[in-house]
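Okay, here's what each chain looks like letter by letter:
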Amino acid sequence: MHSWQDLERIGFIDHPDGHPMATRLLSRRFPGNPGIRNLPQRGFSNQVSLFLEPVARGLGFAVIPQFARLAFSRQQEISVVECGAPVMDTIWLIHRAEWPLSSRAVEAVSFLKQHFQTPQAL
């Protein structure tokens, strides 16, 4: 995909977070583009493991998170286009301060802190 016209020709495969994800990525790759809503939508899926099924069948392109791409079983049937620096989202862990967490939730928070903590996080 070298131009916005390529995307118009191919068409977009949408998913529940498709529009915001595509907007964030494509606005970097194609500054001044007319927006994802102006591309023809060729399909939709709300199942992570199936996001790429229409792409593998040649029906369009999708903008998805890496974990969703890796969940697709037929990797050999899709092509990944690198678009420069990855788009990163901040994930917030929020709970009501006056309610004690269950032991299961405390364990989950501990795991997340050990594996995902950055200097400004948690």
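See the structure shown above.
Calculation criteria
- Residues numbered from 1 in each chain as written.
- Predicted model: local features only at pLDDT ≥ 70, side-chain atom pairs only at ≥ 80, totals over all residues.
- Heavy atoms only, no water.
- Salt bridge = Lys/Arg side-chain N within 4 Å of Asp/Glu carboxyl O.
- Helix = DSSP H or I, 4+ residues; strand = E, 2+ residues; numbered from the N terminus.
- Buried < 20%, exposed > 50% of the residue type's maximum accessible area, 1.4 Å probe, protein only.
- Core = buried A, V, L, I, M, F, W, Y, C linked by side-chain atoms within 4.5 Å.
- Contact = heavy atoms within 4.5 Å.

Overview of the pattern of salt bridges
Then, number 1: In this structure the tally under the stated criterion is 5 salt bridges.
Then, number 2: We note a salt bridge from Glu53 to Arg74, for which the minimum N-O separation is 3.0 Å. Taken together, the positions of Glu53 in helix H3 (residues 53-56) and Arg74 in the loop between helix H4 (66-71) and helix H5 (103-116) put the pair 21 residues apart, joining distant regions of the chain.
Then, number 3: In this structure, Arg74 and Glu77 form a salt bridge, with 2.9 Å as the shortest nitrogen-oxygen distance.
Then, number 4: Classification of Arg74 by relative accessible area gives partly exposed; the value is 24%.

Section: the nonpolar core
Then, number 1: Ranked by size, the top nonpolar core spans 12 residues in total: Trp4, Leu7, Phe12, Met21, Ala22, Leu25, Leu26, Phe30, Ile36, Leu39, Phe61 and Val63.
Then, number 2: Of all the secondary structure elements, the ones that give two or more residues to this core are helix H1 (4-10) and helix H2 (18-29).
Then, number 3: Setting aside residues up to four positions removed in sequence, Ala22 forms contacts with Phe12, Ser27, Ile36 and Val63.
Then, number 4: Counting 9 residues, the second-largest nonpolar core is a separate cluster that includes Phe51, Val55, Phe72 and Ile78.

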